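Chain by chain, the residues run as shown.
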Amino acid sequence: MAGRVPSALYDGQTARRHVVGVEVGQGALVLHHADGRVEHWPFERLRRISAHADGRTFTLALHSETGDEVPRDPARLVVSDAGLAEAIRRAAPTLGRHDLPRGAIRRVMVGTVAALGAVALILFGIVPMLAATIAERMPRETEIAFGRSVVAQVEGFLAEDDAPLACEGAAGRAALDRMAARLTAGRTLDYDLRIAVFDHPMVNAFAAPGGHVILMRGLIEAAQGPDEVAGVLAHEIGHVEARDPTRLALRSAGSAGILSLLIGDMLGGAAVAVAAEYMLTAAYSREAEAAADAYALALLAEAGVGAGGLADFFARVAPKAGRMPEYLASHPGIAGRADRTRAAVAAPTAPILSETEWSALREICG
Amino acid sequence: MPTDAGSTAPGASDFTYSGRFGPILRLALVTGLITLLTVGIYRFWATARLRRYVWGSVRVGGDALEYTGTGLEKFVGFLFAVVVLALWLGAVQIVLFLFGVVIVADPRTEEEAITQALALSASSLAVVPFVFFAQYRARRYKLARTRLRGIRFGMEPAAWGYVWRALGHGALTVVTLGLLLPRQTFALEAYMTNRSFFGDARFAQGGRWTGLYRYLRHVGIGVTILIAGGVLTGVESDFGLFLVFVGYVWAFLGFVHYTVQSFGWLARHKTLAGGVGFDARPSTGRVIWIGFQGGVLITILFAVLAVVFIAMIAGTFGGAMQGGGPPPVGALVAIGVGYVAAFVLAGALATALISQPILRHYIETCTITGIGALDGIVQRAHDRGADAEGFADALDMGGAF
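Treat the numbers as computed from the prediction; the structure is a model and nothing was measured.

Reading the values: the criteria
- Residues numbered from 1 in each chain as written.
- Chains lettered and ligands numbered in written order.
- Predicted model: local features only at pLDDT ≥ 70, side-chain atom pairs only at ≥ 80, totals over all residues.
- Heavy atoms only, no water.
- Helix = DSSP H or I, 4+ residues; strand = E, 2+ residues; numbered from the N terminus.
- Buried < 20%, exposed > 50% of the residue type's maximum accessible area, 1.4 Å probe, protein only.
- Contact = heavy atoms within 4.5 Å.
- Areas by Shrake-Rupley, 256 points an atom, 1.4 Å probe, with all protein chains shown as cover.
- Disulfide = S-S within 2.5 Å.
- Pairing = 2+ DSSP bridges.
- Axes fitted to C-alpha atoms, helices over the stretch in contact; angles between N-to-C directions.
- Polar contact = N/O pair within 3.5 Å; in protein donor to acceptor, adjacent residues only side chain to side chain.
- Phe/Tyr/Trp six-rings, centres within 6.5 Å; stacked < 30°, edge-to-face > 60°.
- Lys NZ or Arg CZ within 6 Å of the ring centre and 35° of its normal.
- Patch = residues over 30% accessible without salt bridge, like charges linked within 9 Å, V, L, I, M, F, W, Y side chains within 5 Å.
- Salt bridge = Lys/Arg side-chain N within 4 Å of Asp/Glu carboxyl O.
- pLDDT = per-residue confidence, 0-100.
- Expected span 1.5 Å × (residues − 1).
- Parallel < 35°, antiparallel > 145°, perpendicular 65-115°, else oblique.
- Nonpolar A, V, L, I, M, F, W, Y, C, P; charged D, E, K, R; others polar.
- Core = buried A, V, L, I, M, F, W, Y, C linked by side-chain atoms within 4.5 Å.

## Re the overall build of chain A
When helices and strands are tallied, chain A shows 13 helices and 10 strands. Counting every position in chain A, which comprises 366 residues, the buried fraction comes to 51%. Of the contacts made within chain A by residues no fewer than 6 positions apart, 63% connect residues no fewer than 24 positions apart. With the model as given, the accessible surface of chain A reaches about 16300 Å², and the carbon-plus-sulfur share is 57%.

## Some remarks on the overall build of chain B
When you go through chain B residue by residue, the secondary structure sums to 11 helices and 10 strands. When burial is assessed residue by residue, chain B has 45% of its 401 residues classed as buried. Partitioning the intrachain contacts of chain B with sequence separation of at least 6 by distance along the chain shows that 74% fall at a separation of at least 24.

## Quick look at the state of the cysteines
All names here are of chain A. Counting across every chain of the model gives one disulfide over all chains. There is a disulfide in this structure between Cys167 and Cys365, and the S-S distance comes to 1.9 Å. The sign of the 85° torsion about the S-S bond sets the Cys167-Cys365 disulfide as right-handed. One end of the pair, Cys167, is in the loop between helix H3 (140-158) and helix H4 (170-184); the other, Cys365, is in the segment after helix H13 (355-362), and 198 residues separate them in sequence. Since its relative accessible area comes to 6%, Cys167 is described here as buried. Residue class for Cys365 comes out partly exposed when judged on its relative accessible area of 22%.

## Quick notes on the sheet that holds strand S4 (residues 38-42) of chain A
All names here are of chain A. Sheet architecture is open: seven strands sit in the order S4-S3-S2-S1-S7-S6-S5, paired in antiparallel fashion. Each edge of the open sheet carries a strand with a single partner, namely S4 and strand S5 (46-51). Taken pair by pair, the neighbouring strands of this sheet meet at an average axis angle of 35°, ignoring direction. Of the pairings in the sheet, the one linking strand S1 (residues 5-10) to strand S2 (residues 18-24) comprises five bridges and is antiparallel in character.

## Comments concerning the side chain of B:Lys74
All names here are of chain B. Structurally, the position occupied by Lys74 is in helix H3 (residues 71-98). For Lys74, the side chain forms a polar contact with the side chain of Asp393, separated by 3.1 Å. Beyond its immediate chain neighbours, meaning those up to four positions away, Lys74 contacts Phe44, Thr47, Arg51, Tyr141, Ala388, Glu389 and Asp393.

## A short note on the pairing of strand S3 (residues 28-32) of chain A
Residue and element names in this part refer to chain A. Across the five residues that make up S3, a large majority, five, are buried. Judged by which residues are buried, S3 turns out to be covered on both faces: Ala28, Val30 and His32 on one side and Leu29 and Leu31 on the other are all buried. Direction of pairing for S2 relative to S3: antiparallel, over a ladder of four bridges. Directly across from Val22, in S3, lies its bridge partner Leu31. Between S2 and S3, which follow one another and run antiparallel, lie three residues, and Gly27 among them has a positive phi close to 75°. Direction of pairing for S3 relative to S4: antiparallel, over a ladder of five bridges. Following the sheet pairing, Val30 is matched in S4 by His40. Taking the residues between adjacent antiparallel strands as the criterion, S3 and S4 are bridged by five residues, where Gly36 takes a positive phi near 95°.

## A look at the sheet that holds strand S8 (residues 194-198) of chain A
Residue and element names in this part refer to chain A. Taking strand neighbours across the sheet as the criterion, the three strands line up as S8-S10-S9 in an open arrangement whose pairing is mixed. In this open sheet, the two strands that pair with only one neighbour each are S8 and strand S9 (205-208). For this sheet, the mean angle separating the axes of adjacent strands, direction not counted, is 20°. Two strands pair when backbone bridges link them, and S9 and strand S10 (residues 212-216) are joined in this way by four bridges, in the antiparallel orientation. When the sheet's bridge partners are listed, Ala207 is paired in S10 with Val213. H3 contacts S8, S9 and S10 of the sheet and is inclined by roughly 20° relative to S10. Packed on one face of the sheet, H4 meets S8 and S10 and runs near 135° to S8.

## Re the packing of aromatic side chains
Tallying each qualifying case throughout the model produces 25 aromatic pairs over all chains. With 5.6 Å between their ring centres and 40° between their planes, B:Trp45 and B:Phe75 make a pair best called tilted. Of the two residues, B:Trp45 is situated in helix H2 (residues 43-57) and B:Phe75 in helix H3; the sequence distance between them amounts to 30 residues. On the accessibility criterion, B:Phe75 (15% relative accessible area) is buried. Members of the aromatic cluster, joined through ring pairs, are B:Phe80, B:Trp88, B:Phe130, B:Phe133, B:Trp160, B:Trp164 and B:Phe391. When the ring centre of A:Tyr191 is taken as reference, the NZ or CZ atom of A:Arg140 above it lies at 4.4 Å.

## A closer look at a nonpolar patch on the surface
Taken together, the side chains of B:Trp289, B:Phe292, B:Val296, B:Ile300, B:Val304, B:Val308 and B:Met312 present a nonpolar region at the surface, about 640 Å² in accessible area. As for its placement among the helices and strands, B:Val296 is situated in helix H9 (residues 284-323).

## A short note on the confidence of the model for chain B
All names here are of chain B. For chain B, mean pLDDT is 86; residues scoring 70 or higher make up 88% of the total. Predicted confidence for residues 1-10 stays below pLDDT 50, and this span has 24 contacts to residues more than four positions away or in other chains. For this predicted complex, the interface confidence score (ipTM) comes to 0.81, while the overall pTM stands at 0.76.

## Section: unusual backbone geometry
Residues and elements named next belong to chain B. The backbone of Leu177 sits at a positive phi, close to 55°, despite the residue not being glycine. Position of Leu177 relative to the elements: it lies in the loop between helix H5 (159-175) and helix H6 (181-193). Phi is positive for Ala273, which is not a glycine, with a value near 55°. Counting through the fold element by element, Ala273 comes out in the loop between strand S8 (270-272) and strand S9 (276-280). Look at Ala273 and you get partly exposed, because its relative accessible area is 42%.

## Overview of H5(B)
Residues and elements named next belong to chain B. End to end, H5 covers 24 Å across 17 residues, agreeing with the expected 24 Å (1.5 Å per residue, within 8%). Buried residues of H5: Ala159, Gly161, Tyr162, Val163, Ala166, His169, Gly170 and Thr173, and no others. One or two steps after H5, the chain reaches Leu177, where phi turns positive at roughly 55°.

## Some thoughts on the packing of H5(B) against H6(B)
Residue and element names in this part refer to chain B. Running from N to C, H5 and H6 cross one another at 170°; their axes reach a closest spacing of 9 Å. In terms of their interaxial angle, H5 and H6 are classed as roughly antiparallel. Contact with H5, carried on its side by Gly161, Tyr162, Arg165, Ala166, His169, Gly170, Leu172 and Thr173, involves Leu181, Arg183, Gln184, Ala187, Leu188, Tyr191 and Met192 of H6 and no other residues of that element. Among the residues forming the contact of H5 with H6, the class breakdown is eight nonpolar, five polar and two charged.

## Considering helix H7 (residues 217-232) of chain B
The terminal C-alpha atoms of H7(B) lie 22 Å apart, and with 16 residues this matches the ideal 22 Å at 1.5 Å per residue to within 8%. Looking at the buried side of H7(B), the elements it contacts are helix H8 (237-268) of chain B.

## Quick word on the nonpolar core
Grouped together as the largest cluster of nonpolar side chains are 75 residues, with contacts concentrated most on B:Tyr136, B:Tyr162, B:Phe198, B:Leu272 and B:Ile377. Broken down by element, the residue count for this core peaks at nine residues, all from helix H4 (residues 110-144) of chain B. Excluding its chain neighbours within four sequence positions, the residues that come into contact with B:Phe198 are A:Ala15, B:Leu148, B:Ile151, B:Arg152, B:Phe153, B:Phe203, B:Leu272, B:Leu374 and B:Ile377. A:Cys167, A:Ala230, A:Val305 and A:Ala307 belong to the second-largest nonpolar core, a separate cluster that totals 39 residues.

The following block contains the structure:
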């Protein structure tokens, strides 16, 4: 390759095509304009914009901090002579370099941090606040229907096949109703309680919006007497009356909706499933737990049932090696609180259920 | 020696496309695999790389287009859009709650079923304005990142005006059972075209919307056959069902015809800077044939892959069951990787066998007139690109390229 090779130049100012004579000079590409002007494009600033279809020739631009999306001067030199292209390739080793605009990394960092901050603000600030507000204002019927769908979700989540989990033993049912009646005698509750036992080995119990309380078979089996079950039941009734489950379910549904948007699930089907799982595993706040405890102690005292049962239950199941009972996992610190309550409450009077009723409750799942 | 030669490159009136099967398949495969390995985060960079190849393969009067968008700005734009959408959807949910409309997973009464349907449709309707918003913004971003002869394309920021018009025309089209579809197509395309620029020169959409009616006739024929078939099923059910099927296919292909030909008609009625015009003659048959051929090829390939795959699974688990031991972990991993990689392969093949050939057909059936008028066009200012198509990415509505 010798002499000047005519090439097309677009100066980045107008769309007019200029033909310049191009030669490989000392340290720079030299562009000779028709009017005698001479431009020097330094090799270290030369960048290949796009390869042409023949795989050998290309279009060139100069590296330059322009504030554009890519740091390139707007002028373009179309190199369509294979020999010239080869000479440029040899002279300009940085031809293929990708340059980030100045401050790009910082912008991405700022953008990412801002986005994460905004999402965190939504998840931990706005959503819980809205959940609390909505839980206060939600009409009772809506809350009950909402609770039913949460219970149905948990049921679907736990059931191995699609068989319903609720246990229907008539004598057991009667015993359970009697337990609830004794606990709540003399009190007017905000909610009609809808208590059910699920045929599942998990040592767990939870409250769902609108007065639903679910005890698992595993919990009844792990209890050594009816007072222990009554303690758990009283605690969950405390949550129901404080509208804790409504708030929690709304919060998890909202959070799940936003998370599913982030990971690209526009259907929101995952949202309800996540909400259901939250009901099983997520903890209420420390204040909510303390309030439910206090409520439970009051109920137990009014019913003449010792709070010691609750304390015994957790003292017994907590240290068992191997599997951590799920109820403890979702109610952190309750064993310690139960210990404290044992000291605070008078000795038990009568057991909450007779021996026969207790047997019936244990057999509720058949 | 060199003289200012003006715009007289060889084949000055032609649009050409030089992209080839091998390179784009390789590019789509590699970027697809990286996207998979990065749980989707790389998709913004993948799009930018693919576009750089495709744009660079398009030549207008001998000069290649250039795509200057970056994956980085698309990623940041996506994050921004997600936050905005999260806030918006949250606000919509609050309003619904305040009116007592709640999504109930297990409706028991009719009333609950109705409120649930209301809540679900209100939530999805709430996204619709953003879909149109994203459409306009995506086009604006792509134009702002396209250059020809070093000169930027661009579009005025007017996405909300587009949203209202799209909502209004969409409602009109639905109310008139599709009879005003050409009006919608024309008005929305004109809105975007009349706000588009090459350098300082504005594009203009000419023609009248009624000109698009002739391309709708096959949809009309298909729907007529469909209705006739539906009526006939009561009397003569086999023939009626056959007619329903024929009508359905006819209407579908008729709609493809409308899409392809309305693009051509709208392109023929566009001008730039008063002096530059376009001719576009895409063939519906060709587009359908490319899609059909590619679809059949990919289906056959995947039928073969599925057989191999099932044989592998049977071999792995059958052997393990006979030996009584657990299936070898290596084989399980290989099966899992193969399964996921098959999806990447399918996407890459669709790009190389269908999307690119259709694009090539559109481009090669276009010509440009009065290209000399480009010489007077002056550079326009850099557009920051707003959300860099982030809304379109968040709503998962990207096209082929």
